[in-house]
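Structural overview for review
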Amino acid sequence: MKRRLALLSLTAVALASLSACSGIYTISAEVRSFGNWPAGRAPGSYAFERLPSQQQKQDQGRQEQIEAQARIALEKAGFKPAADAKTADIIVSVGVRISAQDRAPWDDPLWWRWHGNLYHWRYGRLNPPFGFENERRYDREVALLLRDRASSEPLYEARASNDGMTQGDADLIGAMLEAAMSDFPSTRPEPHRVSVQRSR
């Protein structure tokens, strides 16, 4: 009987851990969008255009991953991939920037309001006798520029940014690109918060 109870308990723990690793989670980003998408114009077909810096051999794999995530965001906004870049209605440029910031507790003028002790995560780690080890955070930003292929006129620009303790993965970048395109075809130049739900 005790053995059966132990097995049941282990099964319950395993199921609980699996459910904790799966399900829906939310990613938030600060979004801004600009441009003047023509009234009544359908999204149409698109093709990617790479800047010279994005064509470097060592960066091509990363750029392909970014474009794969951008495709999902563009197609949710109503765009379809063109069979040939020369026949696309829209040319899309997409970029991602991630920068690391080492932040000390005194960088935040309101740090004292958190009422934590010296070992609290908010202040970084205390390593006597050397003092604080700064908290590293990552600023993440994605941007898309949509241009009319025939005229090269920029029609729509969208940006999204957030920060966190890690650089993030492809899924996070994809959610940020989706957030960036959430206003389309409208524009909202003022920073505003957009949340995107993803499933693990």
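Residues numbered from 1 in each chain as written. Predicted model: local features only at pLDDT ≥ 70, side-chain atom pairs only at ≥ 80, totals over all residues. Heavy atoms only, no water.

**Quick look at the overall build of the protein chain**
For the protein chain, the helix and strand inventory stands at three helices and nine strands. Helices (α) and strands (β) of the protein chain occur, in sequence order from the N terminus, as α-β-β-α-β-β-β-β-β-β-α-β. Expressed as a percentage of its 200 residues, the buried residues of the protein chain come to 32%. Residue pairs at least 24 apart in sequence account for 75% of intrachain contacts in the protein chain once pairs closer than 6 positions are excluded. Taken as a whole, the protein chain presents about 12,800 Å² of accessible surface, with 54% of it coming from carbon and sulfur. (Helix = DSSP H or I, 4+ residues; strand = E, 2+ residues; numbered from the N terminus. Buried < 20%, exposed > 50% of the residue type's maximum accessible area, 1.4 Å probe, protein only. Contact = heavy atoms within 4.5 Å. Areas by Shrake-Rupley, 256 points an atom, 1.4 Å probe, with all protein chains shown as cover.)

**Let's talk about the layout of surface pockets**
For the largest pocket, the calculated volume is near 220 Å³. In terms of lining, the largest pocket is formed by 14 residues, of which the most central are Val94, Gly95, Ala143, Leu144 and Arg159. Elements with a contribution of two residues or more to the lining of the largest pocket: strand S4 (90-103), strand S7 (135-148) and strand S8 (154-164). Residues that form the lining of the largest pocket fall into these classes: seven nonpolar, three polar and four charged. (1 Å grid on protein atoms, 1.4 Å probe; cavity = no way out; pocket = protein on both sides within 12 Å on 5 of 7 lines; lining within 4 Å. Points joined across faces, edges and corners; volume = space filled by probe spheres on them. Nonpolar A, V, L, I, M, F, W, Y, C, P; charged D, E, K, R; others polar.)

**Side note on the packing of helix H2 (residues 60-76) against helix H3 (residues 170-180)**
For the pair H2 and H3, the least separation of the axes is 8 Å and the interaxial angle reads 35 degrees. Crossing of H2 over H3 shows right-handed handedness. Residues Ile66, Gln69, Ala70, Ala73 and Lys76 of H2 form the contact with H3, whose participating residues are Ala170, Gly174, Leu177 and Glu178. For the contact of H2 with H3, the class distribution of residues is five nonpolar, two polar and two charged. (Axes fitted to C-alpha atoms, helices over the stretch in contact; angles between N-to-C directions. Left-handed = near helix turned anticlockwise from the far one by under 90°.)

**Here we look at the nonpolar core**
Phe79, Leu144, Leu146 and Met181 are the most contacted members of the largest nonpolar core, which has 34 residues in total. Listing elements by their share of this core, those giving two or more residues are strand S1 (24-35), strand S2 (45-48), H2, S4, S7, S8, H3 and strand S9 (192-199). Per-element accounting of this core gives the leading share, seven residues, to H3. Once you skip the residues sitting within four places of it in the chain, Leu144 turns out to touch Ala70, Leu74, Val92, Ser93, Val94, Tyr156, Glu157, Ala158, Leu177, Ala180 and Met181. (Core = buried A, V, L, I, M, F, W, Y, C linked by side-chain atoms within 4.5 Å.)

**Examining the pattern of salt bridges**
One pass over the structure, following the stated rule, counts 11 salt bridges. Asp148 is the partner of Arg41 in a salt bridge, and the nearest nitrogen-oxygen pair spans 2.9 Å. With Arg41 in the loop between S1 and S2 and Asp148 in strand S7, this pair connects stretches of sequence that are 107 residues apart. Overall, Arg41 belongs to the partly exposed group, its relative accessible area being 28%. The salt bridge involving Glu67 is made with Arg50; its shortest N-O contact spans 2.9 Å. (Salt bridge = Lys/Arg side-chain N within 4 Å of Asp/Glu carboxyl O.)

**Re H2**
Compared with an ideal rise of 1.5 Å per residue, which puts 17 residues at 24 Å, H2 spans 24 Å between its outermost C-alpha atoms and is within 8% of the ideal. Those residues of H2 that fall on the buried side of the exposure criterion are Gln63, Ile66, Glu67, Gln69, Ala70, Ala73 and Leu74. For H2, the angular spread of the buried residues around the axis is 170 degrees, confining them to a single face. Along H2, the residues that are exposed and aim more than 90 degrees away from the buried face are Gln65 and Lys76. In the segment just after H2, Gly78 is the residue with positive phi, at about 105 degrees. (Expected span 1.5 Å × (residues − 1). Arc of directions from axis to C-beta.)

**Observations regarding the confidence of the model for the protein chain**
Of the residues in the protein chain, 73% reach a pLDDT of 70 or more, and the chain-wide mean stands at 81. Note on residues 4-20: pLDDT is under 50 here. Beyond four places in sequence and across chains, it has zero contacts. Counted against residues more than four places away or in other chains, residues 111-126, with its pLDDT under 50, gives 25 contacts. (pLDDT = per-residue confidence, 0-100.)

**Observations concerning the pairing of S9**
In S9, alternate side chains face the same way, and those of His192, Val194, Val196 and Arg198 are buried while those of Arg193, Ser195, Gln197 and Ser199 on the opposite face are not. Summarising the sheet, S1 and S9 pair through eight bridges and their orientation is antiparallel. When the bridges of S9 are listed, Ala29 appears paired with Val194. (Pairing = 2+ DSSP bridges.)

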